[in-house]
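# Per-entry structural report
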Amino acid sequence: MEATQATQATLEQSPAQLRRIIIAASLGTLFEWYDFYLYGSLAVFFGGLFFPKGNETAQLLASLATFGAGFGVRPLGAVVFGYVGDLIGRKYTFLVTMVTMGVSTALVGLLPTYAGVGLVSTVLLVLLRLLQGLALGGEYGGAATYVAEHVSDEKRGYYTSFIQTTATLGFFLSMGIIGTTRVLLGEAGFRAYGWRIPFLLSFLLLAVSLYIRLKMKESPLFVRLKSSGRTSKNPLKESFTNPLNFKYVMLALFGATAGQGVVWYTGQFYALTFLQSALKVSWKHSYIMMSVALVLTTPLFLYFGKLSDRIGRKPIMQAGWILAAVTYVPVYMAMKHFANPRGLPVADPSEINWVMMVLLLCVQMVYVCLVYGPIAAFLVELFPTRIRYTSMSVPYHLGNGWFGGFLPLIATAVTTSDWARQHFGSGAIYTGLIYPIGICLLTIVINGAFVRETRHHHIDTDMAVPTVAAE
């Protein structure tokens, strides 16, 4: 009890200090998400730039596979940078991840296209996506851990939810800059050279992020742990060979982050891909609708994060998974009805019901906010300080990166398959939803049966298990 009281005193920050901590951690993470999602925002467009011509569906799938490649290596980045973060410290580790992300993104803007050098351009693009994935694998866990280790138990859900806004804001920023560039340069100019500008902008964002983060101090909990000589000698061994901790890594994955990942990527990236590839809505109109929905719903990350401090992390996340599993099919059927009711080769803007389309995208974003707003607090509360960076990063990036990151590819492959067309006919465009619905159902069952509430758990304790049962 005395140790906990001492820790809470250590974590008391002035409002100005707390603002600087949150801004420094969140802004850098926002820029990293911007870097990572630039490609996702242009996935449909990139199919014709870096892959062989002749089959538009094959181009789209290859482009989405490359998008997914960045997600494939995120768990490896979580292992590498989580290990370093638990040994050396949070601050310096995500300085390294930031530089790696910023440079690899900017270099995409300098790549030759397939028309110029053939498969060399494809290989270089994939390599840079892999570097981006490695960097992001270390970034999120570091930022969430850093903020959580500066704030009190009673407000952890609220303050860590600022980190949760950064992924959506990064996606929004990427769409905004891409859209502005396309409008200013026109389609011909954008296709010729303008697509490079959003990537090259990463050099500027990297400079701003480094300036801010170099002024940050190390997490007080980690400093106290290190000064007392109680840091982990081998975070990987403790995280994954200790049976009790490994059990909670698996519960975090299958009882939280897998479901969170598919809800996030369905509500944002797959919704955007579905609008453009299945419903044939122009990129401009798709971006406008998605951007409005993001602006309207992003504050809900903070609301649900704060609410989780009052009623718990678990019931809020469960609500998001249940609503998604039950309503995805009718929501996407409604999207077709209100965006391209006659199934035209190109959607007629005059037939789009803009209010209903924004509302349907907002509904999906509410699900995203429900499952994503409280999850940073939930993850940091599952694991002790000495191995927190490693233990929370790996299940997060497996769930978010693998289960969620490959969703656009898997769902699009299913909807365009002969199997879907033969068995579902015109309804084949909805078959991709089988995947996120299935993962949501799995997560609901495991979370409900085996995961306990964490909001009263003191993160400075050495217990790898939450101490309070679900309320």
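Scoring rules and cut-offs
Residues numbered from 1 in each chain as written. Predicted model: local features only at pLDDT ≥ 70, side-chain atom pairs only at ≥ 80, totals over all residues. Heavy atoms only, no water. Helix = DSSP H or I, 4+ residues; strand = E, 2+ residues; numbered from the N terminus. Rg over C-alpha atoms; globule rule 2.2 N^0.38 Å. Contact = heavy atoms within 4.5 Å. Areas by Shrake-Rupley, 256 points an atom, 1.4 Å probe, with all protein chains shown as cover. Lys, Arg positive; Asp, Glu negative; His and termini not counted. Charge placed at Lys NZ, Arg CZ, Asp CG, Glu CD. Phe/Tyr/Trp six-rings, centres within 6.5 Å; stacked < 30°, edge-to-face > 60°. Buried < 20%, exposed > 50% of the residue type's maximum accessible area, 1.4 Å probe, protein only. Lys NZ or Arg CZ within 6 Å of the ring centre and 35° of its normal. Core = buried A, V, L, I, M, F, W, Y, C linked by side-chain atoms within 4.5 Å. Patch = residues over 30% accessible without salt bridge, like charges linked within 9 Å, V, L, I, M, F, W, Y side chains within 5 Å. Salt bridge = Lys/Arg side-chain N within 4 Å of Asp/Glu carboxyl O. Axes fitted to C-alpha atoms, helices over the stretch in contact; angles between N-to-C directions. Parallel < 35°, antiparallel > 145°, perpendicular 65-115°, else oblique. Expected span 1.5 Å × (residues − 1). pLDDT = per-residue confidence, 0-100.

## Some thoughts on the overall build of the protein chain
- Per the secondary structure count, the protein chain includes 23 helices and zero strands.
- Here the protein chain has a C-alpha radius of gyration of 22 Å; the compact-globule value for 471 residues is 23 Å, and the two agree.
- If you take every contact in the protein chain between residues at least 6 apart in sequence, the share linking residues at least 24 apart comes to 84%.
- For the protein chain, the accessible area works out to roughly 17,300 Å², and carbon and sulfur atoms hold 70% of it.
- Averaging the coordinates of the 34 positive side-chain charges in the protein chain and doing the same for the 22 negative ones gives two points 3 Å apart.

## Digging into the packing of aromatic side chains
- Considering all chains together, one arrives at 20 aromatic pairs under this definition.
- Relative to Phe304, the ring of Tyr303 has its centre 5.2 Å away and its plane inclined at 65°; by these criteria the two rings are edge-to-face.
- Judged by its relative accessible area of 48%, Tyr303 falls in the partly exposed class.
- By relative accessible area, Phe304 is classed as buried at 10%.
- Aromatic pair Trp419 and Phe424: ring centres 5.5 Å apart, planes at 70°, arrangement edge-to-face.
- On the basis of relative accessible area, Trp419 is assigned to the partly exposed category, the value being 41%.
- Following the ring pairs from residue to residue traces out a cluster consisting of Phe171, Trp264, Tyr265, Phe269, Phe301 and Tyr372.
- The aromatic ring of Trp283 is capped on one face by Arg182, whose charged end is 4.0 Å from the ring centroid.
- Seen from the ring of Tyr158, Lys306 lies directly overhead, with NZ or CZ sitting 5.5 Å from the centre.

## Brief notes about helix 12 (residues 220–227)
- Looking only at helix 12, the buried set comprises Pro220, Leu221, Phe222 and Leu225.
- One or two positions beyond helix 12, positive phi appears at Gly229, with a value near 70°.

## Thoughts on the environment of Lys53
- If you trace the backbone, Lys53 turns up in the loop between helix 3 (43–50) and helix 4 (56–72).
- On a C-alpha basis, the gap between Lys53 and Pro243 in space is 50 Å, while along the polypeptide they are 190 residues apart.
- When residues no more than four places from it in sequence are discounted, the contact partners of Lys53 are Gly48 and Gln59.

## A closer look at the nonpolar core
- Counting residues in hydrophobic clusters, the biggest one holds 128 residues, and the most contacted among them are Tyr37, Phe46, Tyr140, Val263, Tyr332, Met335 and Tyr372.
- When residues in this core are grouped by element, the largest group, 17 residues, is from helix 14 (residues 243–278).
- Met335 has contacts with Ala271, Phe274, Leu275, Leu279, Asn340, Met357, Leu360, Leu361 and Gln364, leaving out every residue within four places of it along the chain.

## Quick notes on a nonpolar patch on the surface
- On the surface, a cluster of nonpolar side chains totalling about 460 Å² of accessible area is made up of Val99, Val103, Leu107, Leu110, Leu200 and Phe203.
- The dominant element in the nonpolar patch, judged by the number of residues it contributes, is helix 6 (residues 90–108), at three residues.
- Turning to its location among the elements, Leu110 is positioned in the loop between helix 6 and helix 7 (114–117).

## Brief notes about the environment of Ala428
- Here Ala428 is to be found in the loop between helix 22 (418–424) and helix 23 (434–450).
- Taking the C-alpha atoms as reference points, Ala428 and Ala278, separated by 150 residues in sequence, lie 10.0 Å from one another.

## A closer look at the pattern of salt bridges
- This structure, assessed with the given rule, holds 11 salt bridges.
- One salt bridge connects Arg90 with Asp86, and the closest N-O pair in it is separated by 3.0 Å.
- Between Asp418 and Arg421 there is a salt bridge, and its shortest N-O distance comes to 2.6 Å. Taken together, the positions of Asp418 and Arg421, both in helix 22 and three residues apart, correspond to about one turn of that helix.
- Taking the relative accessible area as the measure of exposure, Asp418 reaches 49% and is therefore partly exposed.

## With respect to unusual backbone geometry
- A positive phi angle, close to 60°, is found at Lys280, a residue other than glycine.
- You can call Lys280 partly exposed: its relative accessible area is 37%.

## Details of the side chain of Asp153
- Tracing the chain through its elements places Asp153 in the loop between helix 8 (119–148) and helix 9 (156–194).
- Taking the relative accessible area as the measure of exposure, Asp153 reaches 5% and is therefore buried.

## Brief notes about the packing of helix 14 against helix 19 (residues 375–382)
- The interhelical angle for the contact between helix 14 and helix 19, taken along N-to-C directions, is 175°, at an axis separation of 11 Å. One way to sum up the angle between helix 14 and helix 19 is to call them roughly antiparallel. Here helix 14 contributes Tyr248, Ala252, Ala256, Thr257 and Gln260 to the contact with helix 19, which in turn contributes Ile375, Phe378, Leu379 and Leu382.

## A closer look at helix 15 (residues 283–297)
- For helix 15, spanning 15 residues, the distance from its first C-alpha to its last is 21 Å, which sits close to the expected 21 Å at 1.5 Å a residue.
- Residues of helix 15 that are buried include every one of Trp283, His285, Ser286, Tyr287, Met289, Met290, Ser291, Ala293, Leu294 and Thr297, and no others.
- Contact partners of the buried residues in helix 15: helix 2 (15–41), helix 9, helix 14, helix 16 (299–311) and helix 18 (354–372).

## Quick notes on the side chain of Ser391
- Topologically, Ser391 is positioned in helix 20 (residues 388–404).
- Dropping the residues within four chain positions of it, Ser391 is found in contact with Ser239, Asn245, Val249 and Phe383.

## Focus on the environment of Ile177
- By the secondary structure assignment, Ile177 is in helix 9.
- Remark: the alpha-carbon pair of Ile177 and Ala143, spanning 34 residues in sequence, is separated by 24 Å.
- When near neighbours in sequence (up to four residues on either side) are disregarded, Ile177 contacts Tyr34, Pro198 and Leu201.

## Details of the confidence of the model for the protein chain
- Scored by pLDDT, the protein chain has a mean of 87; 95% of the residues are at 70 or more.
- Taken together, the stretch residues 1–10 has pLDDT below 50 and engages in 12 contacts with residues farther than four places along the chain or on a different chain.
- Residue range residues 463–471 is modelled with pLDDT below 50. Its contacts to residues more than four positions away, or to other chains, number 29 contacts.

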